[in-house]
Amino acid sequence: MTPFDHYFHTIMTRGEHEAHRDHSATIEAHHLLLAIADHEGATAGRLLAEVGLDRSGVRAALDREFEHSLTAAGIAATHRLPPAGRRPKSPGIGASAKRALERAFTSVRKKDIDSAHLFAGILRARVGTVPRALALAGVDREALLTRTQTA
């Protein structure tokens, strides 16, 4: 198993854990972002930390994005959601995570891939939860993507 294979397995496992915590039926890009932020020592986690986003910072940004989206839809942020149903046994890979993985893996040869490529695949999304959360956290996504690509 290569170092990236081990890293990728860890991120996917942690992403699945994050999906379970959210009672989500799918692992989405924001779950992978939380997993990356929680992984110490990798380039991607270091780049997130440099813009002030550790795991709790990413979670706070995602919570702000959720509240902002509810408000935009005309739902008061104080509105309580109904309790989640049963957790799925094993969440599948959601559309945003699939697209992030496709962007990561099609941009580089397998033998050259590392954590920064996976992170860049997530950052390349122009719309969705992750770009909105980063914007609300005051992170310049394009600048972070550029730094990631040069790392």
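These numbers come from a predicted model, not from an experiment.

## Regarding the side chain of R55
By the secondary structure assignment, R55 is in helix α4 (residues 55-72). Judged by relative accessible area, R55 falls into the buried class, the value being 17%. Reaching out from R55, the side chain makes a polar contact with the side chain of E18 at a distance of 2.8 Å. Apart from residues no more than four positions distant in its own chain, R55 is found in contact with E18, R21, L34, A37 and D38.

## Observations regarding the packing of aromatic side chains
Here the structure, examined in full by the defined rule, presents 4 aromatic pairs. When the ring of F4 is compared with that of Y7, the centres are 6.2 Å apart and the planes differ by 40 degrees; the resulting orientation is tilted. With F4 and Y7 both in helix α1 (residues 3-21) and 3 residues apart, this pair spans about one turn of that helix. Centroid distance F8 to F105: 5.5 Å. Interplanar angle 75 degrees. Geometry classified as edge-to-face. With F8 in helix α1 and F105 in helix α5 (residues 95-106), the pair connects residues that are 97 residues apart, well separated along the chain. Joined through ring pairs, the aromatic side chains of F4, Y7, F8 and F105 make up one cluster.

## Side note on the layout of surface pockets
A volume near 200 Å³ is recorded for the second largest pocket. Taken together, 14 residues form the lining of the second largest pocket, with S96, R99, A125, V127 and G128 sitting closest to its centre. Listing elements by their share of the lining of the second largest pocket, those giving two or more residues are α2 (29-37), α5 and α7 (129-136). Of the residues contributing to the lining of the second largest pocket, the split by class is 6 nonpolar, 4 polar and 4 charged.

## Side note on the nonpolar core
Ranked by size, the top nonpolar core spans 38 residues in total, and within it Y7, L32, I36, L48, V58 and F119 carry the most contacts. For this core, the secondary-structure elements that each account for two or more residues are α1, α2, α3 (43-50), α4, α5, α6 (115-123), α7 and α8 (141-150). Here the element with the most residues in this core is α2; it accounts for 7 residues. The residues touching Y7, leaving out its near neighbours within four places in the chain, are I36, H39, A42, A44, S115 and L118.

How each quantity is defined
- Residues numbered from 1 in each chain as written.
- Predicted model: local features only at pLDDT ≥ 70, side-chain atom pairs only at ≥ 80, totals over all residues.
- Heavy atoms only, no water.
- Helix = DSSP H or I, 4+ residues; strand = E, 2+ residues; numbered from the N terminus.
- Buried < 20%, exposed > 50% of the residue type's maximum accessible area, 1.4 Å probe, protein only.
- Polar contact = N/O pair within 3.5 Å; in protein donor to acceptor, adjacent residues only side chain to side chain.
- Contact = heavy atoms within 4.5 Å.
- Phe/Tyr/Trp six-rings, centres within 6.5 Å; stacked < 30°, edge-to-face > 60°.
- 1 Å grid on protein atoms, 1.4 Å probe; cavity = no way out; pocket = protein on both sides within 12 Å on 5 of 7 lines; lining within 4 Å.
- Points joined across faces, edges and corners; volume = space filled by probe spheres on them.
- Nonpolar A, V, L, I, M, F, W, Y, C, P; charged D, E, K, R; others polar.
- Core = buried A, V, L, I, M, F, W, Y, C linked by side-chain atoms within 4.5 Å.

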